[in-house]
Amino acid sequence: MTERLQPIATAAKWLVTLWMLLVVIAMFVWVPAYEGLGNTGRIIMVHVPTAWLSTFAFAIAAWYSLMFLRRRDARDDDRALAATELGFLFSILATVTGSMFAKVIWGSYWNWEPRETSILILLLIYGAYFALRSAIEDAERRRQLAAVYALFAFATAPLLTFVVPRLYDTTLHPNCAFLPGSKCNGITLKQNGVGALGDRRVQLLDVQRSGDTVTANVEVSGVGFSNVTTLQPTLNVATGERVTPEFPESRFMLALQSVDDQGVRLNIQAPGNTSQRGNARTTTTLMASLLGFTGLFFWVYNLRTTLLRLRRRVELQGLA
Amino acid sequence: MAEEIKRPVRSVQMNERSAGSFRRAAWAVFRKDVRSELRTRYALNALAVFALTVVLVVSFYLGPRLSPRDPVTPATNATLLWIALFFSALTGLGRAFIQEEEAQTATFLRLNAPPLAVFVGKWLLNMLLLAGLSIVVTVLLSLFMNVRIANLAMFALTLALGSLGLSTTITLIAAIIAKASARSALFAVLAFPVVFPMLVIAITATEQALTGALWSAALPQIQGLGAYAVAMTAAAIFLFPYVWEV
């Protein structure tokens, strides 16, 4: 880094530090407790940014591995290695925070749920990359083979993100895209109307209103009319309070989202799947945290790349 | 002027000649490997003994306990099949490139055949061995675990697509580890994360074939296996020359 950029870099470091400090304070003080999750929900402020950065680091490593194979510049290898190391660190953070949340809310540390499976694979890929690097003595050969492996492993990424999660309809993560056939907005039904939420069939039998509380009688069944049950989700129109009963033999819940003259809007949700759109403070803090963690990532990434370059120089001089 | 007209014609001839010589080179590598395999029978022994051991160990304890009507039985058998295939492949198929490095014939091969021809030749042998292994494991499973295959065509297609992806991945990883130390330990470490997504899909598809699921139900899995084989083959063709040249 040139002398001229040094003050800007120092300022950026202080900005990231201050920013993360504010994010941590906001995460515990400013953000309201989650509906149904309490204080446990605050962990998503760390979980989501670290999970996103672990995938992002994987992409950076693949990009600089490709660049290394094209340009044969050892600095590209430094960047790929720095990104992999940070990706490994961030995926451990994402896994640990996710597991803590899963234990409290879903009942066990590990559920073999699609996203858990794919981050486990990511961890294994990172581990294999380091194992490969440590098993090759010759520096030039090490760089080249590590780049090949990073790119080869990256070729499975589309399969991990799109194919495998779609094969399994049991995801606990709040992402409507992973529930086949369901829409983020749920479905609107009139009396006796039939619809599908995920792979469940739902039929609205009737709607009862007493005071501000609306109760829907909904007949639900699984594939092939299995487990036919009547669930009664309720919504308090004045306070927005909901009762969300669980579908039989599953952790998914049925929520009555709104009532109007078009009918009632029903939706399927996983435990912990609280909508963030409704809460400006949560959204702001999450975005700020994402930005802060990304800044932190690039700070350490730059530091590590510089250190790796210096180490190469020292090694070269030692040989000379 | 005459030069300019001649040049494309000559280059076409060159391309035809190099395509022919590529095929010949790949075939020569394949034949050389088959011959050396038949002499030592290293991979054949490793594959057969490993597959037999896995099936026997599991069937000894689980065989009498698993009833064909138990809904868990097809899942167990599908998992067992792919465990046997994957780990036998790891034991037997890594030899392809290690042997060249150990006998110090890699340089000679590098001088005499284009990189992709070497890859295709080695890949063909691995594919052949995996196809044989799939048949052997299937027969062993039906003998010892009483496996019934409800949809034989789907079962065969799953095995074929799975072996295709597996042999491509294993061949490339074998080429990488041949250049490293601590090879046998490294092979599983490098191969497992890359193969795992395919194993998950293949086990699901195999279970569906064993229980006799409809083609429409198994289509996403079949597509997934096809996509994996295509992605891995494309990546391997692009990456192999970089492994071979160092």
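Residues numbered from 1 in each chain as written. Chains lettered and ligands numbered in written order. Predicted model: local features only at pLDDT ≥ 70, side-chain atom pairs only at ≥ 80, totals over all residues.

Engineer: Can you walk me through the overall build of chain A in this structure?
Structural biologist: Helix and strand content of chain A: seven helices and nine strands. Counting over 320 residues, chain A shows a buried share of 35%. The contacts in chain A between residues at least 6 apart in sequence include a share of 55% that link residues at least 24 apart. (Helix = DSSP H or I, 4+ residues; strand = E, 2+ residues; numbered from the N terminus. Buried ≥ 20, exposed ≤ 12 C-beta atoms within 10 Å, placed from the backbone. Contact = placed C-beta atoms within 7 Å.)

Engineer: Sorry if this is basic, but what is going on with helix α7 (residues 152-177) of chain B here?
Structural biologist: The α-helix winds at 3.6 residues per turn, so residues separated by three or four positions along the chain end up facing the same way. Under the 1.5 Å per step criterion, the end-to-end length of α7(B) is 36 Å for 26 residues, consistent within 8% with the ideal 38 Å. Of all 26 residues making up α7(B), 21 are buried, and the element is well covered by its neighbours. (Expected span 1.5 Å × (residues − 1).)

Engineer: Which parts of the structure should I look at to understand the interface of chain A and chain B?
Structural biologist: Often, the extent of an interface is quoted as the loss of accessible area upon association of its parts. Contacts between chain A and chain B engage 26 residues on the former and 29 residues on the latter. Secondary-structure elements contributing two or more residues to the side of chain A that touches chain B are α4 (114-134), α5 (139-154) and α6 (157-167) of chain A. Looking at the side of chain A that touches chain B, the element that brings in the most residues is α5(A), giving nine residues. Of the residues belonging to the side of chain A that touches chain B, the class tally is 21 nonpolar, two polar and three charged. (Nonpolar A, V, L, I, M, F, W, Y, C, P; charged D, E, K, R; others polar.)

Engineer: Can you walk me through the nonpolar core in this structure?
Structural biologist: Generally speaking, nonpolar side chains in soluble globular proteins are found buried as a group. A:L132, A:Y149, A:A150, A:F152, B:I176 and B:L190 are the most contacted members of the largest nonpolar core, which has 121 residues in total. Counting residues per element, this core draws most heavily on helix α8 (residues 183-211) of chain B, which supplies 15 residues. Excluding residues within four positions of it along the chain, A:L132 makes contact with A:L145, A:A146, A:Y149, B:A180, B:L186 and B:L190. (Core = buried A, V, L, I, M, F, W, Y, C linked by C-beta atoms within 7 Å.)

Engineer: Please clarify how the confidence of the model for chain A should be interpreted in this entry.
Structural biologist: Parts of the prediction with low pLDDT should not have their coordinates interpreted in detail. All names here are of chain A. Confidence in the prediction for chain A averages 82 pLDDT; 84% of positions are at 70 or higher. In the model of chain A, α6 stands out as the element of lowest mean pLDDT, 66, in contrast to α5, which has the highest, 93. Across residues 175-183, confidence stays below pLDDT 50; counting only partners more than four residues off in sequence or on other chains, it has 20 contacts. A low-confidence stretch, residues 273-278 (pLDDT under 50), is modelled with eight contacts involving residues beyond four sequence positions or located in other chains. (pLDDT = per-residue confidence, 0-100.)

Engineer: Looking at this structure, how should I read unusual backbone geometry?
Structural biologist: Most of the time, phi is negative for any residue but glycine, and the peptide bond is trans. Its identity is not glycine, yet A:R72 carries a phi of approximately 55°, on the positive side. For A:R72, the position within the fold is in the loop between α2 (44-71) and α3 (74-105). At B:R41, a residue that is not glycine, the phi angle is positive and equals roughly 50°. Looking at the secondary structure, you find B:R41 in the loop between α1 (2-40) and α2 (42-62).

Engineer: In this structure, what is going on with α2(B)? I would like to understand it.
Structural biologist: All names here are of chain B. With 21 residues, α2 should cover 30 Å at 1.5 Å per step; its first-to-last C-alpha distance of 30 Å lies within 8% of that length. Those residues of α2 lying buried are A43, L47, A51, V54, V55 and V58. End-on view of α2: buried residues confined to an arc of 85°, all on one side of the axis. Across from the buried face of α2, at angles greater than 90 degrees, the exposed residues are N45, L56, V57, F60 and Y61. (Arc of directions from axis to C-beta.)

Engineer: So what exactly am I meant to see when it comes to the domain arrangement of chain A here?
Structural biologist: Here the domain parsing of chain A yields domain 1 (3-168 + 280-319) and domain 2 (184-269). Using C-alpha coordinates to define each centre, domain 1 of chain A is positioned 40 Å away from domain 2 of chain A. (Domains from an automatic or database assignment.)

Engineer: How should the pairing of strand β9 (residues 263-269) of chain A be read in this particular structure?
Structural biologist: Here is the key point about a regular strand: its side chains alternate between the two faces of the sheet. All names here are of chain A. Burial analysis of β9 places five of its seven residues in the buried class, the great majority of the element. Across three bridges, the pairing between strand β1 (residues 187-189) and β9 is antiparallel. Among the inter-strand pairings, L189 is bridged to a residue of β9, identified as V264. If you look at the hairpin formed by strand β8 (residues 253-260) and β9, you'll find two residues sitting between the two strands. (Pairing = 2+ DSSP bridges.)

Engineer: What is the right way to look at the environment of B:P114 in this model?
Structural biologist: Inspection of the secondary structure puts B:P114 in the loop between α5 (106-112) and α6 (115-144). Separated by 130 residues in sequence, B:P114 and B:W244 have C-alpha atoms that sit 9.9 Å apart.

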